[in-house]
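Notes for the structure review
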Amino acid sequence: MSQLTEAARAADGRTSLAARLAPAGIVGGIGGLVFAVSVVVQNLIRAKDLPADAASATKVIAFYGSHLGTTELLAALYAVGAVGLMFFLGALLSRLIDGAGRAPAIAGGFGAAGIVAMFTMTVASDIALAEYVHRGTPSSGAVAALWVLHNAVFGLLMVSIGIALVGLSAAAAGSGMLADAWKRIGTLGGLLLVVAGACTPAMVAGSKVIAVGLVGFIVWLGFVVAAAVSLLRRPSPAPAVA
């Protein structure tokens, strides 16, 4: 029994040392900023010469046939961003889950899980297209199907981002972590994302409705940066008032 007690104390000591050396708020704040920067860089790279949603298979084949290196770079940036997002969400949710905004924090957490799942599928289909085309003699039908799938998943991803934005911004504002205005800003941005995501069939067919979601996406990135900075400024939660 004494050996178990000593082992538990040693484990607690190691945990306390790790928390002092790298507080969750610091790690999570850095993770959030890394995620935001990686997303911006990915979108700047992706926007260059990317075929339109309703592009022909010939144009898609030509693009992926000459952009294998770009696809590999995007895959690496995705991994960096995903790790940053996980650290950010871990720190943020641990700060919000016990506060007055518990319910929206949980809802936002589910939305964030959807972001990881849906964007993973988007990147996976991107890699599949690049590798399939690079192997030579790609079937136009197969490429067209993969391209439609890629764009459909990307469109529906906006719904998950919208849910995460509404829930997490409401919880952060309710807990005093962010200004109260974020309740309204986050809700408006989230609604724009959900509306754009609901119009994914039109987007895949060539509609420019994604522009509606772009505004909400900018709000999402703004929220991540604001929450990350708040975590860095206050790496440890404020003590409860008796």
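Now for a quick tour of the structure. (Residues numbered from 1 in each chain as written. Predicted model: local features only at pLDDT ≥ 70, side-chain atom pairs only at ≥ 80, totals over all residues. Heavy atoms only, no water.)

Structural notes on the environment of V212
Here V212 is to be found in helix α9 (residues 210–233). Once the C-alpha coordinates of V212 and G197 are considered, the two residues, 15 residues apart in sequence, prove to be 9.4 Å apart. Once residues lying within four places of it in the same chain are set aside, the contact partners of V212 are L192 and A196. (Helix = DSSP H or I, 4+ residues; strand = E, 2+ residues; numbered from the N terminus. Contact = heavy atoms within 4.5 Å.)

A word on helix α5 (residues 102–134)
The first and last C-alpha atoms of α5 sit 48 Å apart over 33 residues, in line with the 48 Å expected at 1.5 Å per residue. Positive phi shows up at G136, right after α5, with a value of about 95°. (Expected span 1.5 Å × (residues − 1).)

Observations regarding the layout of surface pockets
Computed from the structure, the largest pocket encloses a volume of approximately 870 Å³. What lines the largest pocket is a set of 36 residues, and nearest its centre among them are N43, R46, F154, I210 and F217. Mapped by element, the contributors of at least two residues to the lining of the largest pocket are α2 (24–47), α4 (68–96), α5, α6 (140–174) and α9. (1 Å grid on protein atoms, 1.4 Å probe; cavity = no way out; pocket = protein on both sides within 12 Å on 5 of 7 lines; lining within 4 Å. Points joined across faces, edges and corners; volume = space filled by probe spheres on them.)

What about α6?
The end-to-end C-alpha distance of α6 is 51 Å, a good match for the 51 Å that 35 residues give at a rise of 1.5 Å each. Following α6 by one or two positions, G176 has its phi on the positive side, about 85°.

A few points about the side chain of T200
Along the chain, T200 turns up in helix α8 (residues 200–204). With residues up to four places along the chain from it excluded, the contact list for T200 reads N151, A152, G155 and L156.

Let's talk about the side chain of S230
Locating S230 in the fold gives a position in helix α9. When neighbours within four sequence positions are excluded, S230 is seen to be in contact with M177 and L178.

Some points on the packing of aromatic side chains
All chains considered together, the criterion is met by six aromatic pairs. Each ring, one from F35 and one from W220, has its centre 6.4 Å from the other, and the planes form 75°; the classification is edge-to-face. Remark: W220 occurs in helix α9 and F35 occurs in helix α2; sequence separation between them is 185 residues. Here F35 falls in the buried class, since its relative accessible area comes to 8%. Its relative accessible area of 1% is what places W220 among the buried residues. Seen from their ring centres, Y64 and W147 are 6.2 Å apart, and the 70° between their planes marks the pair as edge-to-face. Here W147 lies in helix α6 and Y64 lies in helix α3 (residues 57–65), a separation of 83 residues in the sequence. Ring pairing ties together the aromatic residues F35, W182, W220 and F223, which thus form one cluster. (Phe/Tyr/Trp six-rings, centres within 6.5 Å; stacked < 30°, edge-to-face > 60°. Buried < 20%, exposed > 50% of the residue type's maximum accessible area, 1.4 Å probe, protein only.)

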